[in-house]
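Inside the fold
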Amino acid sequence: MISAEQITQAFDSATRQFRQSDVYQELVAGRASPEAAREFLRNVFRTHFLSSHIVALCFASLPSKAAEMLRENLLEEMGRSDAGKPHSALLLELARGVGFDQSEIDGLIADARRRLAVFCATRVPASTLRELCLAVLLETMSFEFMLSRCSSEIAAALSKHYGFAKPALHWFALHSEVDVRHAEEGVTIIQDYLGFHQAPDGLFEQIASLTLGDNIFARHYFPAGSKHRTGTRSAPAKARRIEALTIYRLRIPFHQTFRHALHSREESDAVIVKVIDSDGGRGFGESLPRSYVTGETTESMIARIREHLAPRVFAQSFAPGWETFEYLQSVVSEWTRPEERQSSVTAWNAAFCAVELALLDWSLRADHCALADLLPPARYEVVYSGVISADAPDDAAALAKRMARIGIRQIKVKVGIIDDAARLEAVRKAVGVEVELRADANGAWSADEAIEQLQRLARFKLQSIEQPVRADDLAGMKRARQESGVAIMADESLVTLDQARLLIELGACDYFNIRLSKNGGIGASLAIARLAQEAGVKIQVGAQVGETGILSAAGRTLAAHLPALAFAEGSFGTWLLAEDVTFENVAFGLGGRAPLLQSRGLSVTVKEEVLERLATAKIDLRR
Ligand SMILES: [Mg+2]
């Protein structure tokens, strides 16, 4: 049985971590910028404005002895007790008192609502409501505990160093007094919860470390995105060196062969990069080179990482979080540029992607945040399309039927081979008219052939045709766009930012297919996506067939972030791979739907023993 002391200790340790953090120290010592202090207040508002809704969820899961206590707490939050105003009204007073105007307050309320919606749409590691509500309860009660110990100090600093009027900071004063009692009640409520639900001790320990670890309060009050918005550069001293970099070359068998006009594959050839700092902190990245896209082969990509990228990584130190992200964005064009003009490589994008993702994963974990903190979601789920390879019509139809049965409503079919019409006919027949069909020719046609083929295929009502012509035939692509009547998506033609500019200037396409391995990772993909969004070109976030959970997770967060997203592909996970390397299952579910990811780093946990077992080659590099 978990004792009251153990619960108090868990809260105490989270509170200590917060008080000792650089961001907290800077705020209370008056070293933060005035804008950073205002952003802190905004985040207090965003965190607590809808807290009664969260307490209500806890209440729903606790119909036992402590329910009465929780009920009082809930009524107080809602302003239905003798204690007075609802907490949301007190927060409004705080916001007005510190000088936020009405439009800013409206924005904060919208943010608070959005946060709750994102929370509801995010994958949780809990498998039952009992576990989820325990996590929520621990989080709620831990805030009361922390506030009862830190509120006075924070309020004093806000008034002394940043000039906010004392009466405006009443919310803090109230929490420092009232919450001593609430904090104690919180411990009782959690004990009662554990008893009522017969939760084993291990469950409490796991959920407490998951919920309260990683500086829970700093994550809410000083999230990674805030540092970017306020331009504060806290604690540059924390910069660290990467001590080791390991490259794993994998071979993971597929459940079935995947074919298209340029290639056929039966196993994943993912390359994983692991980085480790001197404290043992680690990060994992992934990429899948495609010689017919960037010119990189598995061998050349690995050599590029070993000889060029790893030495650059070892040569400097990296500050966790936003700064590493910005640094990587600033070097991407230099680090991906081929040395010789005659090189068969367009850009070392796959090599860079694996290293960039590993460094991002490491740096975000070290900063206790997730990729989604840097790339906040623009939607509450990502819906993936099914992809059918260039199979015989009967096989394609059978697969399409299976996809339709699990509710997938968008399917891409590989074309550019003799039996295209028969395959599309079989697929259309199998799924009916409700399902949207796209096609991908992987550059198989000339412009004339494309126009002719697309007219022949018009009866299948294709929503778009991906890469109808060769990668370098942009004039042909533009002509196909003008004459075929089908929307064109650039894929193999879109490797670099310069190529993105050219495609836009020429008006050669309607869609960009952005893939992390192909386009050089998160930073480079974002740059291309921004250009596309400004030019009104719609986006597909695509994938490399055979990617593991690492690349799928990064792709998910990118897809969720981009407002101009039209389609998403990938996240096949174990629908395709015989085994995945991540603890979390990233495969999409019913309807192709997949949740937002918000846990640390790229939001997946790599099973290192599986990585070791699946690796056909492993290269260890040290600084
Ligand atoms: Mg394609």
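Scroll up a little and you will see the structure.
Residues numbered from 1 in each chain as written. Predicted model: local features only at pLDDT ≥ 70, side-chain atom pairs only at ≥ 80, totals over all residues. Heavy atoms only, no water.

Quick word on the overall build of the protein chain
For the record, the criterion: For helices the rule is a DSSP run of H or I covering at least 4 residues; for strands it is a run of E covering at least 2, with both sets numbered from the N terminus onward. It is over C-alpha atoms that the radius of gyration is taken, and the globule rule equals 2.2 Å times the number of residues to the power 0.38. Buried, partly exposed and exposed residues are distinguished by accessible area as a fraction of the type maximum, computed with a 1.4 Å probe on protein chains only: under 20%, between the cut-offs, and over 50%, respectively. Residues are treated as being in contact if the distance between any of their heavy atoms lies within 4.5 Å. Calculation of accessible area relied on Shrake-Rupley with a 1.4 Å probe; when residues are assessed, cover is drawn exclusively from the protein chains displayed.
Across its full length, the protein chain carries 25 helices and 17 strands. For the protein chain, the C-alpha radius of gyration of 26 Å lies close to 25 Å, the compact-globule estimate for 623 residues. With respect to the three principal axes, the spread of C-alpha positions in the protein chain is 80 × 55 × 50 Å. Out of the 623 residues in the protein chain, the part that is buried amounts to 58%. A separation of at least 24 residues holds for 78% of the contacts in the protein chain among residues at least 6 apart in sequence. When the accessible surface of the protein chain is summed, it comes to about 24800 Å², and 51% of that surface belongs to carbon and sulfur atoms.

Structural notes on helix α7 (residues 102-120)
Stated formally: To estimate the expected span of a helix, count its residues, drop one, and scale the result by 1.5 Å.
Spanning 19 residues, α7 covers 27 Å between terminal C-alpha atoms, matching the ideal 27 Å at 1.5 Å per step. At its buried positions, α7 is contacted by α3 (34-48) and α6 (87-97).

With respect to the layout of surface pockets
To find leftover empty space, one rolls a probe the size of a water molecule over the atoms. Applied cut-off: Here the term cavity refers to a set of points on a 1 Å grid, laid over the protein atoms alone, in which a 1.4 Å probe fits but cannot get out; the term pocket refers to an open set having protein on both sides within 12 Å along at least five of seven lines, with lining residues being those that place an atom within 4 Å of a point. Grid points are joined across faces, edges and corners, and a volume is the space filled by probe spheres set on the points. The nonpolar class holds Ala, Val, Leu, Ile, Met, Phe, Trp, Tyr, Cys and Pro. Asp, Glu, Lys and Arg form the charged class, and all remaining residues, Gly among them, are polar.
Approximately 480 Å³ is the volume found for the second largest pocket. Contributing to the lining of the second largest pocket are 22 residues, with Ser-333, Thr-336, Thr-496, Leu-497 and Asp-498 lying nearest its centre. Counting only elements with at least two residues in the lining of the second largest pocket, the list comes to α14 (322-336), α21 (497-506) and α23 (521-535). Here the lining of the second largest pocket is built from residues that sort into eight nonpolar, ten polar and four charged.

Here we look at empty space enclosed by the protein
Going through the model one piece at a time under the given rule, you end up with five cavities of 30 Å³ or more. Put simply, the largest cavity is a space of about 230 Å³. Listed by contribution, the elements that provide at least two residues to the lining of the largest cavity are β3 (264-268) and β9 (410-414). Residues belonging to the lining of the largest cavity are distributed by class as follows: seven nonpolar, seven polar and ten charged.

Re the state of the cysteines
Formally: Disulfides are defined as pairs of cysteine sulfur atoms found within 2.5 Å of each other.
Scanning the model with the defined rule gives zero disulfides in all. For the unlinked cysteine Cys-58, the closest cysteine sulfur is that of Cys-133, found at 6.4 Å. Residue classification places Cys-58 among the buried positions, given a relative accessible area of 2%. With no disulfide of its own, Cys-120 lies 11 Å from the sulfur of Cys-133, the closest cysteine sulfur.

Regarding the packing of aromatic side chains
To be explicit about the condition: Between the rings of Phe, Tyr and Trp (Trp by its six-membered ring), a pair exists once the centres lie within 6.5 Å; its type follows the angle of the planes, with under 30 degrees stacked, over 60 edge-to-face, and the other angles tilted. Look at NZ for Lys and CZ for Arg. If either is within 6 Å of the ring centre and within 35 degrees of the ring normal, a charge sits over the ring.
In total, this model carries 21 aromatic pairs according to the counting rule given. Aromatic ring contacts, followed pair by pair, group Phe-18, Tyr-24, Phe-40, Phe-143, Trp-171, Phe-172, Phe-217, Tyr-221 and Phe-222 into a single cluster. Directly above the aromatic system of Phe-145 lies the positively charged group of Arg-149, at a separation of 3.6 Å from the ring centroid.

Thoughts on the coordination of the magnesium ion
To be explicit about the condition: Donor atoms are limited to N, O and S found within 2.8 Å of the metal ion, a distance that becomes 3.2 Å for Na, K and Ca. With water left out, some sites might look partial.
Taken together, Asp-440 (OD), Glu-466 (OE) and Asp-491 (OD) make up the full set of protein donors to the magnesium ion, lying 2.1 to 2.3 Å away. Summarised as a motif, the one-chain spacing of the donors to the magnesium ion is D-x25-E-x24-D. Residue Glu-466 is located in strand β11 (residues 462-466), and its partner Asp-491 is located in the loop between β12 (488-490) and α21; the two are separated by 25 residues in the primary sequence. Accessibility assignment for this pair places Glu-466 and Asp-491 in one class, buried.

Things to note about the side chain of Asp-277
Short version of the rule: The definition of a polar contact used here is a pair of N or O atoms within 3.5 Å, where within protein one atom must be able to donate a hydrogen and the other to accept one, and adjacent residues in sequence count solely through side-chain atom pairs.
For Asp-277, the position within the fold is in strand β4 (residues 271-277). On the basis of relative accessible area, Asp-277 is assigned to the buried category, the value being 3%. A distance of 2.9 Å separates a polar atom in the side chain of Asp-277 from the backbone nitrogen of Asp-279. A distance of 2.7 Å separates a polar atom in the side chain of Asp-277 from the backbone nitrogen of Gly-281. If sequence neighbours within four positions are ignored, Asp-277 has contacts with Arg-240, Arg-241, Ile-242, Glu-243 and Trp-362.

So, the pattern of salt bridges
Convention followed: A carboxyl oxygen of Asp or Glu within 4 Å of a side-chain nitrogen of Lys or Arg is what we treat as a salt bridge.
Taken as a whole and assessed by the stated rule, the structure comprises 44 salt bridges. Of the charged contacts, one joins Glu-466 and Lys-412 as a salt bridge, the two residues approaching to 2.9 Å between their closest N and O atoms. Here the residue Glu-466 occupies a position in strand β11, and Lys-412 occupies one in strand β9, the gap between them amounting to 54 residues. The buried category is assigned to Glu-466, whose relative accessible area is 1%. Salt-bridge contacts for Asp-620 lead to Lys-618; the nearest nitrogen and oxygen are separated by 4.0 Å. Members of the salt-bridge network, linked through shared partners, are Glu-35, Arg-38, Glu-39, Arg-42, Arg-46, Glu-104 and Asp-111.

Notes on the side chain of Arg-304
Along the chain, Arg-304 falls in helix α13 (residues 298-314). Contacts of Arg-304, omitting those with residues within four sequence positions, involve Leu-309, Trp-335, Thr-336, Arg-337, Glu-339, Trp-348 and Ala-351.

Some remarks on the nonpolar core
In summary, soluble globular proteins display a tendency toward joint burial of nonpolar side chains. We count it as follows: Residues grouped as a nonpolar core are buried Ala, Val, Leu, Ile, Met, Phe, Trp, Tyr and Cys residues, joined through side-chain atoms within 4.5 Å.
In terms of nonpolar packing, the biggest core is built from 132 residues, with Ile-305, Ile-411, Phe-512 and Ile-522 touching the most fellow members. Top contributing element to this core by residue count: helix α15 (residues 349-366), with twelve residues. By size, the runner-up hydrophobic cluster in this structure holds 76 residues, among which are Leu-70, Val-187, Phe-204 and Tyr-221.

Some points on the sheet that holds strand β10 (residues 436-440)
Definition in use: Between any two strands, at least two bridges found by DSSP are needed for them to pair. Interaxial angle, 0 to 180 degrees, is taken between N-to-C directions of lines fitted to C-alpha atoms, where a helix line uses only the stretch in contact.
Spatially, the eight strands line up as an open sheet ordered β8-β9-β10-β11-β12-β13-β14-β15, and their pairing is parallel. What marks the edges here is a single partner per strand, and that holds for β8 (386-388) and β15 (565-568). Sheet twist, expressed as the mean angle between neighbouring strand axes with direction ignored, is 25°. Bridge count between β9 and β10: five bridges; the pairing is parallel. Within the sheet, the bridge partner assigned to Ile-411 lies in β10 and is Leu-437. Sitting on the sheet, α23 touches β13 (511-514) and β14 (538-541), and the angle it makes with β13 is about 170°.

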